[in-house]
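# Structure assessment
Below are the chains, spelled out letter by letter.
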Amino acid sequence: MLLLGACALTGCKRADGGRTEILYSFWGSTEQMAVERRLIDAFEKANPDIRVRTLPIGARYLQKVQAMMIGNVAPDVLMVEMTFYDEWASRGVLADLTSLANQIAGEDPFMAVPERAFSRDGRFFAIPVNAHGQVLFVNLDALRTAGIGIPEGGWSWEELLELGPKLSRRAGNPDAPTDFLMLQPPAEILLFAYGASLFDDAYHPTKVTSDSAETRAAFEMIRKFFKSGYVVPADVADAQGTYQLFRDGRLAFFVSGRWMTPELAGRTDFEWDVLQIPAGPAGPVTSHGGTGLAVWSGSAHPDAARRFIEFYASPEGVEIVTGGVGGRYVPVGGNAAFSDGFLSLRPPESIRRFPETMRDGAAQIYLYARGQSLVTRIVTNRVSQALNMMGVSTDQVVQGLTDDLQRSLDRRPPSARESAESNESQQ
Amino acid sequence: MRYRQPSRLWHLFLVAAGLTMLAPLAFMFSTALSTPAGAMRATENIFEMLVPREWEWKNFAEVWDVVPFLRYYFNSLAIAVVVTVGQVFTSACAAYAFSRLHWPGRDKLFLCYLATMMVPGSVTMLPNFIAMKMAPEVLTGILPGIDWMAMRYLGTGEDAPLIGRLIGLDSYFALTIPAMFSAYGTFLLRQLMLSIPRELEEAAHIDGCGYWRIFHVIILPLSLPGLATLTTFTFMGAWGSLLWPLVMTNMDEMRTLPLGLQAFQGQYGTEWHLMMAAALLMLLPVVVMFLIGQRFFISGLTVGAVKG
Amino acid sequence: MKKLVGQRQETIAAICFLLPNLIGFLLFTFWPVIAAFLLSFSEWDLLTPPKWVGLNNFRELLGVYQSVDGWRPNDPDFWKFLWNTIFLMFGLPVTMAVSLGLAIVLNKRIRFTYAYRLLFFLPSILAGVAIFYLWRWIYNPDYGLFNAALALIGIDGPAWLTDVRWAKPALIVMGLWLHAGGTGMILYLAALQGVPQDLYEAAEIDGAGHWDQFRVITWPGVMPVTFFIFVMGVIGGLQGGFEMAYIMTQGGPYGATTTIGYYIYTMAYEDFRMGYAAAIAWVLFVFIFAVTVLNWRLGGKNITA
């Protein structure tokens, strides 16, 4: 009791054995944890004065870390995802890492997608470490059975849909090799592939631009897929999970990213590969995911945190996280991603499709707008209206969408509004 | 007295109702004693689910290894005891002032107290959370000599246990002090104290006893049923509290049992045999309190309704 | 003169006795109510400075706007979750009926009533996090007790907690188990014991059947208590649902079990929209206040009658 009182007043601090301790938070599977562990071991070996404690967070990562920021106990190093990075960067809770980013990019420049996703008007509040777009996973055995060859340059979305009768038993062809052609393709991919843009500028939106022929064409296509009978209906997907359907050989195609590789490698009894995402009138546009590492602005050990990130992004670090059993990471630097080391990893055979999604020309980034989560919800609601209420015309759906987006623009949270304004005044 | 009904029929009904009440608890117990595979074994026979087929007592031991269960248990117990003692004390004192003493404005203030019982917890929780978040920063401004922001440890060794901040989020202060004041407790005890006959007190007064002496020698012993009721309820409330410690803590070491149970809920499914064993360990003090306190609080329960 | 001095002494003593509680009351209840009111006119994520937004939060919460497909609420979630909260209270009358039934049987002169009473009371005492985990396990579609029991009578039960249609009814059934033997039953027992036994005997001599005895004697006898339990249940129900949702369903599936209480939590501590959360909490407060006032108006008559 006395000890407790004495500690309480004078402030007992734990002896640290002369080492700086930093806390690092991330999400992911046990497998991911093993990869992170290997990297941390290598880092601690190279930097004996720093100890890295890990904080793996399963569910609700964003919320938990933000609660820790509010409670002033947030981790020093934070893994951030493209989609929510901006929420923190705009609030000033991440340290400015522009100089570190320039130093890293000086050796191996970031490819277009991660560069755009993690820079805000030329400043970096996180160092990209992994990014890539979704690609088309294909069941090669099924294609072979149906006698379908893969055309040079891949299919367009229309052409892909027309393969349905040959591949899907649900289309009434009992000799077809699979039950379904694919899952309902992600709406955002079709929207962007058909050239729809929701706002005039994804980062500084001032005007809603979704009421267009392109948006209507995209919604028509979304509906066409849904009505075809070749795509997996919701109840089947619910009952069996989504990627299991592909793994069990019940789908010919599957849209996903590099993170799906460990779920498939050595676990299917058919041959599979990845192809570039099908193209729409606007080209082969896909949606991207990606992670970066940031330093919390309240960190007591910003220098140690920077050193950890620097190691993570170094060629040595990249080799550890991209190789091995992980198979989830795609390097963000052009040299590393197209290096023999990365391209020789198997499976899949065409691993180069992943880094290709990040080069300009091959694919574009998808980002609806700042305040992504709200916009995503609006789009999801309208897509579900389009699919479940066939009586509502596509024109009406697109009008409703435009209406909702306009409202979201009018009543954006003040943080986003302010940063947009301050950015405008800077320009 | 004669029995108007064939009482056997009523017993049949009551036994059936009793079994319905017990079945889920039996299921809990038998799961807690299962092997991991045993818990996840589909069976046609419902009785196999209710009666333990395996006797894996080591589940109860394993619970303590998987997570800092001991720390959670300690936190919950310490917080519940401190909150209970504090709340019963402050409520009894206030109830005495509201029931046995006469002073201007007494009934008006009591009405204010009663009115706050209507306020939903979520209304007061938000400002309390913000206040706790800002307390260390504000106090640093007032008393810069003390490091209010720092986490404290018990001792200086490399694995000295964390005891949180002095005040603010992640502090025992936040987990105990705000829960020590209750309008309900004051109300409950006041109703009971009102029914104590005036004569005893007056006799003591004439003998020259001070108010404090009257309070703890005469009033408190006579309010024992009420105190026992309040003690039981407060303890159970503090022991099972989920939301308050959830928002007030971030550090694992400062969390309590209701939050700690989450640890058995892995990313790839819940370990139900351990979850149920841990849940049973959590219910243990509640059952003990229930058995000790039941004589009192079943009568205490009716106070609010009949006299309120 | 002497009396005046005594009065002053008594007042000072009263203040001393009251002080510990009063300080806590002012600090942790009274001031926060006012602070929450002020907070509801602001936008604050606790990371950037707060901003005064006037009535915006209330407009967003309660207002409507005209869209191409008609008038729509600004915050459709709020109305959906309010409906969920009310839906979950549909279990209240059933629970009360069962409580009354149990109390009537326990009030008969038979043996072991005390033991039965303890047994029935047990679930409501245990209610909380541990029991919610237990019921999540009970509702497990493959290995849970509930579907196994249904299988006995040949019903193939659904995945209760993850099915939009069944999640709310499942929570209501759990509530029945938890509360049927709880406070309500104890209060009914106390009320029944207050009904004079000779009334029944007189009625029996008059040749009144069981139903008539219940209708004419028992029901009026327990009416005030019924009213009390109902009102307390409604007040509790309006605020409730957080723990259930947090432990068992995370408010899902698709928000089917999100109550106002859980909505406030997610707004405040997941989305960190403190001002908006305070606005919802205040609207809830007004609701509860209205119910309580209604209770005084109606209940006062009922009990005196």
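All figures in this text were calculated on a predicted structure; none of them were measured in a lab.

### Here's the deal with the overall build of chain A
Regarding its fold elements, chain A presents 22 helices and ten strands. Across the 427 residues in chain A, those meeting the buried criterion constitute 45%. Across chain A, the fraction of contacts at a sequence separation of at least 24, relative to all contacts at a separation of at least 6, is 76%.

### Quick look at the pairing of strand E2 (residues 50-56) of chain A
All names here are of chain A. Here strand E1 (residues 20-26) pairs with E2 via seven bridges, running parallel. By the bridge assignment, Glu-21 is partnered in E2 with Arg-51. Since E1 and E2 lie parallel, the crossover through helix H2 (residues 30-46) that links them has a hand, and here it is right-handed.

### Observations concerning the sheet that holds strand E9 (residues 272-275) of chain A
Residue and element names in this part refer to chain A. An order of E8-E7-E9 is seen for the three strands of this open sheet, with the pairing classed as antiparallel. Looking at which strands have only one partner, the edges of the open sheet turn out to be strand E8 (253-256) and E9. Direction aside, the axes of adjacent strands within the sheet are offset by 30° on average.

### Concerning the confidence of the model for chain A
All names here are of chain A. The pLDDT averaged across chain A works out to 86; a share of 88% of its residues lies at or above 70. Model confidence for chain A, summarised as mean pLDDT per element, is weakest for helix H22 (residues 414-426) at 39 and strongest for helix H15 (residues 302-313) at 96. For residues 413-427, every residue scores under 50 in pLDDT, and the model assigns this stretch 16 contacts once sequence neighbours within four places are set aside.

### Quick notes on the packing of helix H9 (residues 183-193) of chain C against helix H11 (residues 210-239) of chain C
Residue and element names in this part refer to chain C. Viewed as axis vectors pointing N to C, H9 and H11 meet at an angle of 160°, and their least axial separation amounts to 9 Å. Put simply, H9 runs roughly antiparallel to H11. Handedness of the H9/H11 crossing: right-handed. Listed contacts from H11 to Gly-184, Leu-187, Tyr-188, Ala-191 and Leu-192 of H9 are Gly-221, Val-222, Val-225 and Ile-229.

### Brief notes about the sheet that holds strand E10 (residues 288-295) of chain A
All names here are of chain A. A sheet is described by the order of its strands in space; here five strands give the open sequence E2-E1-E3-E10-E6, paired in mixed fashion. Looking at which strands have only one partner, the edges of the open sheet turn out to be E2 and strand E6 (127-133). For this sheet the average axis-to-axis angle between neighbouring strands, irrespective of direction, equals 20°. Against the sheet, helix H4 (residues 82-89) makes contact with strand E3 (77-81) and E10, and its axis sits at roughly 125° relative to E3, the strand it touches most.

### Re the confidence of the model for chain B
All names here are of chain B. Taken residue by residue, chain B gives an average pLDDT of 87. The fraction at 70 or more is 93%. Mean pLDDT across the elements of chain B ranges from a minimum in strand E3 (residues 265-266), with 74, to a maximum in helix H8 (residues 172-176), with 96. Of the regions scoring below 50 in pLDDT, residues 304-308 engages in six contacts with residues more than four places distant in sequence or in other chains. As scored by the predictor, the complex reaches a pTM of 0.85 and an ipTM of 0.90.

### Looking at the interface of chain B and chain C
As a measure of interface size, the accessible area lost when the parts come together is often cited. With 69 residues of chain B in contact, the opposing surface of chain C contributes 72 residues. Top element by residues in the side of chain B that touches chain C is helix H15 (residues 272-307) of chain B. It accounts for 14 residues. Split into classes, the residues belonging to the side of chain B that touches chain C amount to 50 nonpolar, 17 polar and two charged.

### Let's talk about the environment of Leu220(B)
Secondary-structure assignment places Leu220(B) in helix H11 (residues 211-222). With 31 residues separating them in the primary sequence, Leu220(B) and Leu189(B) have C-alpha atoms 9.9 Å apart.

### Some points on unusual backbone geometry
Residue Pro347(A) follows Arg346(A) across a cis peptide bond; omega there is -15°. Tracing the backbone shows Pro347(A) in the loop between helix H18 (340-343) and helix H19 (353-356). The phi torsion at Phe112(C) lies on the positive side, around 65°, for a residue other than glycine. Tracing the sequence through the fold places Phe112(C) in the loop between helix H4 (91-106) and helix H5 (113-126).

### Regarding helix H8 (residues 167-179) of chain C
Compared with an ideal rise of 1.5 Å per residue, which puts 13 residues at 18 Å, H8(C) spans 18 Å between its outermost C-alpha atoms and is within 8% of the ideal. Along H8(C), the residues classified as buried are Ala167(C), Ala170(C), Leu171(C), Met174(C), Gly175(C), Trp177(C), Leu178(C) and His179(C).

Basis of the calculations
- Numbering of residues begins from 1 in every chain and follows the order in which that chain's sequence is written.
- Written order determines the labels here, with chains lettered from A and ligands numbered from 1.
- Residue-level local features of this predicted model are given only where pLDDT is at least 70; pairs of side-chain atoms are given and counted only at 80 or more, and the full residue set underlies all totals for whole chains, interfaces and linings.
- Numbering of helices and strands runs from the N terminus, with a helix taken as a DSSP run of H or I at least four residues long and a strand as a DSSP run of E at least two residues long.
- Labels follow a simple rule on C-beta atoms placed from the backbone: if 20 or more others lie within 10 Å of a residue's own, it is buried; if 12 or fewer, it is exposed; otherwise it is partly exposed.
- Residues are scored as being in contact if the C-beta atoms we place from backbone atoms lie within 7 Å.
- The criterion for strand pairing is that DSSP finds at least two bridges linking the strands in question.
- Handedness of a crossover: with both strands directed away from the viewer, a clockwise path from the first strand across the helix to the second marks it as right-handed.
- Orientation is described by lines fitted to C-alpha atoms, with helices fitted over the stretch in contact, and by angles between N-to-C directions that extend from 0 to 180 degrees.
- The predictor attaches a confidence to each residue, called pLDDT, with possible values from 0 through 100.
- Each angle gets one of four labels, with under 35 degrees taken as roughly parallel, over 145 as roughly antiparallel, 65 to 115 as roughly perpendicular, and the rest as oblique.
- Handedness of a helix crossing follows the sense of rotation of the near helix relative to the far helix, less than a right angle counterclockwise being left-handed and clockwise being right-handed.
- Polarity classes work like this: nonpolar for Ala, Val, Leu, Ile, Met, Phe, Trp, Tyr, Cys and Pro, charged for Asp, Glu, Lys and Arg, and polar for all others, with Gly in that last group.
- An expected span of 1.5 Å times one less than the residue number is assigned to each helix.

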